[in-house]
Amino acid sequence: MNNKLLNVTNLDVHFGPTQVIHNVDYHVNEGEILILMGPNGAGKTVLLKSTFGLFEKSTGTVEFDGKVIHPHPSSMVEAGMSFVGQGKRVFPSLTIEENLRMGAYLWSDKKMIQARTEELIQFFPVLKKKFKQIAYYMSGGEQQILALARGLMMNPKLLLLDEPSIGLAPKIVQSVFEKIAEINKTFGTSIVVVEHNLKSLLNIAHRGYILAEGKMLMEGPVEKLADSKNLEKVFFGEIA
Amino acid sequence: MQILLNGIIVGGIYALIALGFNLIFSSTRFFHVLYGVLALLGAYFTYTFMEYGWNFFAAIPVAALLASLLGVASWQFLYKPLVDRKASSLVLMVTSFGALIVVQNLIALIWKNNTKSISITDTIKPAYEFLGLNITFNQLVILAVSIVLMVLLELFLKKTKYGLAIRAIGDNAELTTVLGLHTNRITLLVFFIGTFLSAVSASLIALEIGARPTHGLHYFFLKAVIASIIGGIGSMRGALIGGLLLGVVENIGIYYLGGSWQEVVAFSLLTLFLLFKPQGLVNQMQLAK
Ligand SMILES: Nc1ncnc2c1ncn2[C@@H]1O[C@H](COP(=O)(O)OP(=O)(O)OP(=O)(O)O)[C@@H](O)[C@H]1O
Ligand SMILES: [Mg+2]
């Protein structure tokens with residue numbers, strides 16, 4: 001039996017009177033890449049954000065790394081979780097170096113920060129070229145890489161990624177996904193990826209969930225999810 | 001040349017006021033109108049300490065410190081509760097304006113409506129001559145303090161961890177929360193520094209024009225806004241350039257048209273910018289988009 005790094009149970013989230021997440025359970029095993037799928041508006045972003053403490057949950061427990069935590073971004077970051085969101089991903093007027101520095105803001109040991117920065121620019125060579133330039137001039141794909149690198153600065157145990165492919169050209173999407181797999185292998189980071197596009201993650205993810213209308217519909221290995229008639233119903237039912 | 005020098009000296013102060021204003025604006029994204037009158041309070045505190053026999057240079061920092069604490073309190077107890085309830089920037093501005101009126105009236109109540117003047121020494125020192133230009137002792141002090149504060153601010157923002165966080169919040173506040181920063185602490189720091197700069201500027205200006213209850217809105221807030229808009233709102237470099245430009249243009253206007261035209265010149269400059277370059281000289285907001 002795998003060790004559960006993150007275990008979320010009975011999660012409810014409300015915005016005012018409307019309930020957006022309905023009694024959801026999910027977990028992440030140590031070392032795995034987990035994919036979270038579902039149509040637009042299913043509640044994937046809300047699920048991640050309330051796990052991380054960016055939205056307040058109404059009920060439910062979040063257990064991370066063996067401890068029950070009341071989610072709040074700063075305590076989650078301290079505990080070893082990191083979140084890369086869907087929206088604006090970088091600080092445009094800060095240099096790449098400063099953007100990375102922000103990823104380890106809670107660290108004060110300069111040598112540690114320096115060493116980790118070096119390690120990550122070796123790992124993401126695109127960042128090396130423009131190291132002292134401001135992030136504003138980077139392409140969308142480069143910004144996504146920078147956001148990933150920043151999310152890895154404190155060497156987190158778990159990385160939450162909300163639609164890392166959004167707004168990127170298909171070719172770049174593939175390379176970003178390959179990088180995600182490489183992160184998992186090299187640093188042993190467990191990763192949750194929210195994606196619409198199941199196919200592109202098929203070879204990378206180990207396990208997945210399908211969420212629709214705020215409820216967990218299915219759980220299983222990626223192959224099973226990809227096969228299922230349920231998937232068709234969820235997605236094509238939505239589009240039609 | 002003399003006009004240019006005078007303009008630069010006044011402009012330096014405008015720049016300082018605008019820097020503080022912009023610092024607060026870029027991390028909170030609303031017009032903190034109260035800013036003007038908190039700056040003015042700094043000048044009144046300086047005046048009062050000096051009435052008790054304090055030296056000008058001792059009074060200024062302590063007065064600015066007191067004003068800064070009020071600035072910090074205005075965020076924590078006035079704006080933050082509203083922001084937590086998702087109030088719009090318009091609501092915040094109206095609230096801020098209301099608070100300004102209250103404080104302005106309190107000032108009139110405590111210190112009366114007449115102009116209070118401050119001078120560093122009892123005797124009037126003769127102006128220094130320098131390359132054919134005249135510079136008074138007051139002007140020299142103003143220039144020196146402005147330059148020192150600007151350099152310190154620049155070093156703080158560029159070289160320290162807190163400076164980095166302040167710039168980051170100006171860029172993308174949500175992202176700083178995601179990275180685990182306690183953004184409210186940083187915002188409090190921003191209010192502290194911003195108010196401090198403005199209160200020192202107000203005390204310096206009071207050397208030249210004294211302090212009146214209406215200066216908060218009519219002088220400090222307006223100068224801050226005009227200099228910021230010319231320079232490019234949200235930008236530190238812009239505030240500096242905007243302040244200097246405003247000071248110089250005003251002084252040229254005063255020289256050719258007379259003192260009563262100062263405001264007209266300032267607003268004409270503002271109008272020109274709003275018409276032809278509304279984003280200001282340094283377009284920071286485009287970066288932050
Ligand atoms: N801050 C908010 N306030 C109120 N309702 C919200 C908020 N954020 C999300 N919602 C609602 O919650 C539901 C789920 O939204 P969510 O953003 O989690 O969807 P998603 O699965 O991430 O979709 P997408 O694939 O488009 O990103 C939607 O109905 C949305 O309108
Ligand atoms: Mg989403």
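Below or above, wherever it landed, is the structure these notes cover.

Quick notes on the rules
- Residues numbered from 1 in each chain as written.
- Chains lettered and ligands numbered in written order.
- Predicted model: local features only at pLDDT ≥ 70, side-chain atom pairs only at ≥ 80, totals over all residues.
- Heavy atoms only, no water.
- Buried < 20%, exposed > 50% of the residue type's maximum accessible area, 1.4 Å probe, protein only.
- Helix = DSSP H or I, 4+ residues; strand = E, 2+ residues; numbered from the N terminus.
- Donors = N, O, S within 2.8 Å, 3.2 Å for Na, K, Ca; no water.
- Patch = residues over 30% accessible without salt bridge, like charges linked within 9 Å, V, L, I, M, F, W, Y side chains within 5 Å.
- Areas by Shrake-Rupley, 256 points an atom, 1.4 Å probe, with all protein chains shown as cover.
- Salt bridge = Lys/Arg side-chain N within 4 Å of Asp/Glu carboxyl O.
- Pairing = 2+ DSSP bridges.
- Near = heavy atom within 4 Å.
- Polar contact = N/O pair within 3.5 Å; in protein donor to acceptor, adjacent residues only side chain to side chain.
- Axes fitted to C-alpha atoms, helices over the stretch in contact; angles between N-to-C directions.
- Contact = heavy atoms within 4.5 Å.

## Some thoughts on helix α6 (residues 161-171) of chain B
- Within α6 of chain B, 9 of the 11 residues are buried, leaving the element largely enclosed by the surrounding structure.
- When we look at burial in α6 of chain B, the residues that qualify are G163, L164, A165, I166, R167, A168, I169, G170 and D171 of chain B.

## Observations regarding the coordination of the magnesium ion (ligand 2)
Residue and element names in this part refer to chain A.
- T45 (OG1) and Q86 (OE1) make up the full set of protein donors to the magnesium ion (ligand 2), lying at 1.9 to 2.7 Å. Within this pair, whereas T45 is found in helix α1 (residues 44-52), its partner Q86 is found in the loop between β6 (81-84) and α3 (96-103), the two being separated by 41 residues in sequence.
- Under the relative-accessibility criterion, Q86 is labelled partly exposed at 30%.

## Some details on a nonpolar patch on the surface
- Taken together, I252, Y255, Y256, L257, W261 and V264 of chain B make up a surface patch of nonpolar side chains, about 660 Å² in accessible area.
- Among the elements that line the nonpolar patch, the one with the most residues is helix α10 (residues 236-257) of chain B, at 4 residues.

## Considering the pairing of strand β9 (residues 207-212) of chain A
All names here are of chain A.
- Counting buried residues in β9 gives 6 out of 6 residues, a clear majority hidden from the surface.
- On β9, burial covers both faces: R207, Y209 and L211 on one face and G208, I210 and A212 on the other are all buried.
- By the bridge criterion, 6 bridges tie β9 to strand β10 (residues 215-221) in an arrangement that is antiparallel. Residue pairing in the sheet places R207 in a bridge with P221 of β10.

## Structural notes on the site of ligand 1
All names here are of chain A.
- Taken together, 14 residues lie near ligand 1, and N40, G41, K44, T45 and Q86 sit nearest.
- Here an oxygen atom of ligand 1 sits 2.9 Å away from a polar atom, N or O, in the main chain of G41.
- Note that an oxygen atom of ligand 1 is positioned 2.9 Å from one of the backbone N or O atoms of G43.
- Summarising the interface, the protein chains cover 60% of the accessible area of ligand 1, which totals 640 Å² for the free molecule.
- Among the elements that line the shell around ligand 1, the one with the most residues is α1, at 3 residues.

## Let's talk about the sheet that holds strand β8 (residues 190-194) of chain A
Residue and element names in this part refer to chain A.
- Ordered by their spatial adjacency, 6 strands build an open sheet running β6-β7-β8-β3-β9-β10, and the pairing between neighbours is mixed. With one partner strand each, in any of the chains shown, β6 and β10 form the two edges of the open sheet. Put simply, the sheet's adjacent strands are angled 15° from each other on average, direction ignored.
- Together, β3 (33-37), β6, β7 (158-162), β8, β9 and β10 form the strand contacts of α1, whose direction differs from that of β6 by roughly 145°.

## Points about the sheet that holds strand β1 (residues 4-15) of chain A
Residues and elements named next belong to chain A.
- A sheet is described by the order of its strands in space; here 4 strands give the open sequence β2-β1-β4-β5, paired in antiparallel fashion. Each edge of the sheet is formed by a strand with only one pairing partner; in this case those strands are β2 (18-29) and β5 (67-68).
- With 8 bridges joining them, β1 and β2 adopt antiparallel strand pairing. Each bridged residue has a counterpart across the sheet, and for V13 the counterpart in β2 is I21.

## Description of the environment of R101 of chain A
- Tracing the backbone shows R101 of chain A in helix α3.
- Distance from R101 of chain A to T117 of chain A, taken between C-alpha atoms, is 7.9 Å for residues 16 residues apart in sequence.
- Beyond its immediate chain neighbours, meaning those up to four positions away, R101 of chain A contacts W107 and I113 of chain A together with K161 and L164 of chain B.

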